[in-house]
Amino acid sequence: MDHDFLSAFIVLLIVIDPLGNVPVVISLLKNVPKPRRLWVITRECLIAAVMLLLFMLGGEQLLKAMHLTNASLEIAGGVILFLIALGMAFPSMGVSVSDEEGQGEPFLVPLAIPLIAGPSALATVVLLASRQPDRAWLWSGAIALAMAVAWAILASADRLSRRLGQPGLVALERFMGLLLSAMAVEMLISGLNRAFPVLHQTGLH
């Protein structure tokens, strides 16, 4: 499954899931003075972006060191994304952040990692870099744009929560979960075709 800038941006934005993180961000920053909240969100988004770029640049070397093939990573990435999509479409299956983590000002954990740059986002950039290493500049742009959109959403967390309400946020997250599940299935099919070429010859594509 080859990606272009737009599809990479969409996948990254969905796995970063800024809308789904809005309630968590509100909870994590409830004890942070309002004038400082924007700075905290900006700092955490920058940290997450750096982590994603580092994983993208070192993704191919990481695969070689672990003796992993592109097909195995694509299948594993498809499975992970599908599980994430299930958690988005059916919130009761997701992982929540406990209220205890909302004490004080978050730094690095859990806002930057794993809420923004989580395992699925890191696996996605590694997959992009390993599948099409010649497009590193394109993936860097997709990461930057996805993170900018995520920052804008998280910076507006209070306003979004008031305007959309909990039902609106849940509906949007479930819709994004549906899109991500379709992408995950496509990734699984592509990985299986690479691992078992005979499947491609018999029409699984």
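Above this note sits the structure.
Being a predicted model, the structure only gives us computed values, none of them experimental. (Residues numbered from 1 in each chain as written. Predicted model: local features only at pLDDT ≥ 70, side-chain atom pairs only at ≥ 80, totals over all residues. Heavy atoms only, no water.)

Some words on unusual backbone geometry
Here comes step 1: Omega for the bond connecting V109 with P110 falls within 30 degrees of zero, at 0 degrees, which places this linkage in the cis form.
Here comes step 2: Residue position: P110 is located in the loop between helix 4 (70-89) and helix 5 (111-116).
Here comes step 3: Even without glycine at this site, L108 takes up a positive phi of about 70 degrees.
Here comes step 4: In this fold, L108 is placed in the loop between helix 4 and helix 5. (Helix = DSSP H or I, 4+ residues; strand = E, 2+ residues; numbered from the N terminus.)

Quick notes on the nonpolar core
Here comes step 1: Residues I16, V25, L52, I116, M147 and L180 are the most contacted members of the largest nonpolar core, which totals 55 residues.
Here comes step 2: Elements represented by at least two residues in this core include exactly helix 1 (5-16), helix 2 (18-28), helix 3 (34-65), helix 4, helix 5, helix 6 (119-131), helix 7 (136-155) and helix 8 (157-195).
Here comes step 3: Counting residues per element, this core draws most heavily on helix 7, at nine residues.
Here comes step 4: Dropping the residues within four chain positions of it, M147 is found in contact with I16, C45, A48, A49, L52 and I116. (Core = buried A, V, L, I, M, F, W, Y, C linked by side-chain atoms within 4.5 Å. Buried < 20%, exposed > 50% of the residue type's maximum accessible area, 1.4 Å probe, protein only. Contact = heavy atoms within 4.5 Å.)

Remarks on the packing of helix 7 against helix 8
Here comes step 1: Remark: helix 7 packs on helix 8, axes separated minimally by 5 Å, with the N-to-C direction vectors making an angle of 65 degrees. Considering the angle they form, helix 7 stands roughly perpendicular to helix 8. Here I153, L154 and A155 of helix 7 lie close against helix 8, whose contacting residues are A157, R159 and L160.
Here comes step 2: Within the contact of helix 7 with helix 8, the residues separate by chemical class into five nonpolar, no polar and one charged. (Axes fitted to C-alpha atoms, helices over the stretch in contact; angles between N-to-C directions. Parallel < 35°, antiparallel > 145°, perpendicular 65-115°, else oblique. Nonpolar A, V, L, I, M, F, W, Y, C, P; charged D, E, K, R; others polar.)

Here's the deal with the pattern of salt bridges
Here comes step 1: Enumeration over the complete set of coordinates arrives at four salt bridges.
Here comes step 2: A salt bridge links R37 to D158, with the shortest nitrogen-to-oxygen separation between them at 3.5 Å. You can see R37 sitting in helix 3 and its partner D158 sitting in helix 8, a full 121 residues away along the chain.
Here comes step 3: Classification of R37 by relative accessible area gives buried; the value is 17%.
Here comes step 4: For E44, the salt bridge identified is with R43, shortest N-O distance 2.9 Å. The burial state of E44 is the same as that of R43; both residues are buried.
Here comes step 5: The structure contains a network of salt bridges with shared partners spanning R36, R43, E44 and E105. (Salt bridge = Lys/Arg side-chain N within 4 Å of Asp/Glu carboxyl O.)

Focus on the environment of P119
Here comes step 1: Here P119 is to be found in helix 6.
Here comes step 2: Among the residues examined, P119 registers a relative accessible area of 59% and is labelled exposed.
Here comes step 3: Distance from P119 to V15, taken between C-alpha atoms, is 9.2 Å for residues 104 residues apart in sequence.

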